[in-house]
Amino acid sequence: MSTSPRRPRGRGRRPGRPLGALLAVLGLLVVTGCATIPTDGPVRTGDVVLSNPGFAVPLADDPPQDGTQQQIVSGFLLAGAAGLSDEFTVARKFLTSSAATAWDPVARVLVYPLLGGGPEITIGSDGTAVVDVPVQGSLDRTGVYIEAPPGAHEQLQLTLTQTSDEQWRISGLDDVVLISASDFDNEYRAVPIYFASMDGSQLVPDLRWLPVSKAAVYAVRAMLAGPSAWLRDAVRTGVPEGSRLGPQSVTITADRVAIVDLAGGAAGADEEQRNLLLAQLTATLERLPGTAVSSVVASAAGGLPWVSTATTTPVRDVAPTTGPYALADGALVELVNSTLTPVVGAAVLPEG
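Residues take numbers from 1 onward in each chain, read along the sequence in its written order. Under the rules for a predicted model, residues below a pLDDT of 70 receive no local features and side-chain atom pairs below 80 are neither given nor counted, while totals for whole chains, interfaces and linings still include all residues. As a rule here, side-chain values cover all heavy atoms of the structure and leave hydrogens and water aside.

**Quick word on the packing of helix H6 (residues 215–225) against helix H7 (residues 271–285)**
Their axes nearest at 11 Å, the elements H6 and H7 cross at an angle of 140°. Here H6 lies oblique to H7, going by the angle between them. Relative to H7, H6 is oriented so that their crossing is right-handed. In this structure, H6 contributes Ala 216, Ala 219, Val 220 and Met 223 to the contact, and H7 contributes Leu 277, Gln 280, Leu 281, Thr 284 and Leu 285. The residue makeup of the contact of H6 with H7, split by class, is seven nonpolar, two polar and no charged. Here the axes come from fitting lines to C-alpha atoms, over the contacting stretch only for helices, and the angles between their N-to-C directions go from 0 to 180 degrees. Only DSSP runs of H or I with at least four residues qualify as helices, and only runs of E with at least two residues qualify as strands; both kinds are numbered from the N terminus onward. To sort the angles, those under 35 degrees are grouped as roughly parallel, those over 145 as roughly antiparallel, those from 65 to 115 as roughly perpendicular, and the leftovers as oblique. In this scheme the crossing of two helices becomes right-handed for a clockwise turn of the near helix relative to the far one and left-handed for an anticlockwise turn of less than a right angle. Between two residues, a contact is recorded if the distance between any of their heavy atoms is within 4.5 Å. Each residue gets one of three labels, nonpolar for Ala, Val, Leu, Ile, Met, Phe, Trp, Tyr, Cys and Pro, charged for Asp, Glu, Lys and Arg, and polar for the others, Gly among them.

**Observations concerning empty space enclosed by the protein**
Cavity and pocket criteria rest on a 1 Å grid covering protein atoms alone: a 1.4 Å probe that fits but cannot get out defines a cavity, protein on both sides within 12 Å along at least 5 of 7 lines defines an open pocket, and an atom within 4 Å of a point defines a lining residue. Grid points are joined across faces, edges and corners, and a volume is the space filled by probe spheres set on the points. This model, assessed by the stated rule, comprises two cavities of 30 Å³ or more. Quantified by volume, the largest cavity comes out at close to 160 Å³. Lining the largest cavity are 20 residues; nearest its centre among them are Val 106, Val 109, Leu 139, Tyr 188 and Pro 211. Breaking the lining of the largest cavity down by element, the ones donating at least two residues are helix H2 (69–81), strand S4 (137–140), strand S8 (177–180) and strand S10 (202–211). Ranked by the residues each element gives to the lining of the largest cavity, the list is headed by S10, at three residues. The computed volume of the second largest cavity comes to approximately 110 Å³. Every residue along the wall of the second largest cavity is listed here: Phe 76, Leu 77, Gly 80, Trp 103, Leu 156, Gln 157, Leu 158, Leu 173, Asp 174, Val 176, Val 177 and Leu 178. Looking at the lining of the second largest cavity, the elements with two or more residues in it are H2, strand S6 (153–162) and S8.

**Topic: the pattern of salt bridges**
What counts as a salt bridge is simple: a side-chain nitrogen of Lys or Arg found within 4 Å of a carboxyl oxygen of Asp or Glu. Overall, the coordinates contain six salt bridges when judged by the stated rule. A salt bridge links Glu 154 to Arg 108, with the shortest nitrogen-to-oxygen separation between them at 2.6 Å. Of this pair, Glu 154 sits in strand S6 while Arg 108 sits in strand S1 (residues 108–112); the two residues are 46 residues apart in sequence, bridging distant segments of the chain. Only protein chains enter the accessibility calculation, which uses a 1.4 Å probe; a residue whose area is less than 20% of its type maximum is buried, one above 50% is exposed, and one in between is partly exposed. Classification of Glu 154 as partly exposed rests on a relative accessible area of 25%.

These results come straight from atomic positions and should not be treated as a statement about function.
Below, the structure written as structure tokens:
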């Protein structure tokens, strides 16, 4: 390592120079501070766009040459956990060609806790591998998260096969990806997906957990798939049956406009459905964490952009006028003035 030559001390040194340099620096700081922090003048307003900080992108390694069965399985699990960053390209390299084509990594995500040792791999003599994993929760393809009971475990079975060049690869597996709780917190965010109340006057949030990368695409896909099972009977949607994203999917312009390309059943949406779907898309995409969207443009099957003709706009996130509610001894109760009061007319709920 090279170092800069040092000025010899003593002879040739001018005592006044360091003080002058210090005063010059102090003066620069004062001028800079005055320039960046105004002390007078009118108060002005402006738009400020806040975004979440960037997140660490996990990287996966290719299968090692002549890797053992243990190395292939463990490498595949790591590559699957990092798959959102490369669309699972590396993870599929651990599979045979037919398994790579059939595997659906976004069908289900198993989240395992930080404490508990993580997945344990057991290689059998018959060419199978059993992965025992403690489960904190699971996620389906639409972002619905279900918390697992304490101490829950699942066992996954993988079949290993040697290829023609004598490399171990996975030929049989479930449509699932394993991810640690810390990676899940880093790569996913809670996102409200909006559906309408039965009378169409309000937009009701349905909370989903979606990947930070391509959040807008995942959010629209979740909306097109419909509300969660627990909410389905209480809301309605403007999405016609058979709707899906078109080839252009969802893009966000430099002007913060989200352009949504729809296909399938959306091409036959009537006026009421288009108005409601536009309201749902706008409410959802404008509230995406880390994504700045100021307006939404939607069209179907390459047609003209939809223009809302609604005379009223559904109200989003309306605060309830009653509640909160709870269950006490199998009965529905309401908290009123710090007192649990039975709800008149509510049916008794079975225990269990």
